[in-house]
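The lines below spell out each chain.
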Amino acid sequence: EGQISDDHWAPHFVNRVLGETLLQIMSRYTKHRVIVLCGHTHGEGMTHPLPNLTVYTGRAKYGAPCLAKTFDLETLR
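What you see is a predicted model; the values in this text were computed from it and never measured.

A.B. asks: Hey, could you run me through the packing of aromatic side chains in this one?
C.D. replies: The geometry of an aromatic ring pair comes down to the distance between the two centres and the angle between the two planes. Taken as a whole, this structure holds one aromatic pair when the rule is applied. Measuring from ring centre to ring centre gives 5.5 Å for Tyr56 and Phe71, while their planes differ by 75°; the resulting arrangement is edge-to-face. With a gap of 15 residues between them, Tyr56 in strand E3 (residues 53-59) and Phe71 in the segment after E3 connect regions that are remote in the sequence. A relative accessible area of 32% places Phe71 in the partly exposed class. The residue whose ring lies beneath Lys69 is Phe71, and the NZ or CZ to ring-centre distance is 5.7 Å.

A.B. asks: What exactly am I supposed to notice about the nonpolar core here?
C.D. replies: Within soluble globular proteins, side chains that are nonpolar generally end up buried alongside one another. Counting residues in hydrophobic clusters, the biggest one holds five residues: Met26, Val36, Leu50, Leu53 and Val55. Contact partners of Leu53, with chain neighbours within four places excluded, come to Leu22, Leu23, Met26, Val34, Val36, Thr47 and His48.

A.B. asks: I'm lost on the pattern of salt bridges in this one. Help?
C.D. replies: Oppositely charged side chains may form a pair once their charged atoms are brought near each other. Scanning the model with the defined rule gives two salt bridges in all. Glu20 is the salt-bridge partner of Arg16, the closest N and O atoms lying 2.8 Å from each other. Taken as a pair, Arg16 and Glu20 lie in helix H2 (residues 16-28) at a separation of four residues, close to a single helical turn. For the salt bridge of Arg59 with Glu44, the shortest nitrogen-to-oxygen distance reads 3.8 Å. Taken as a pair, Arg59 in strand E3 and Glu44 in the loop between strand E1 (34-41) and strand E2 (45-50) lie far apart in primary sequence, 15 residues in all.

Thresholds, definitions, all that
Residues numbered from 1 in each chain as written. Predicted model: local features only at pLDDT ≥ 70, side-chain atom pairs only at ≥ 80, totals over all residues. Heavy atoms only, no water. Phe/Tyr/Trp six-rings, centres within 6.5 Å; stacked < 30°, edge-to-face > 60°. Helix = DSSP H or I, 4+ residues; strand = E, 2+ residues; numbered from the N terminus. Buried < 20%, exposed > 50% of the residue type's maximum accessible area, 1.4 Å probe, protein only. Lys NZ or Arg CZ within 6 Å of the ring centre and 35° of its normal. Core = buried A, V, L, I, M, F, W, Y, C linked by side-chain atoms within 4.5 Å. Contact = heavy atoms within 4.5 Å. Salt bridge = Lys/Arg side-chain N within 4 Å of Asp/Glu carboxyl O.

Nothing here speaks to function; it is all geometry.
And the structure:
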């Protein structure tokens, strides 16, 4: 709901090991790009933890599915 989860709630929504692994791998492979797509949260957002790593989070509202984002695959090459 427009705020980052606190220490009480974050463990239910965050995979710390995956995040640390992605940071480690993408720090070594700087010529490659990774886009992480996350969903089922109550707020949407986007972050660039590294220049070659982008994370999109789509929002969810019970009973009201929506399209979070579209991508043009040609521009992602």
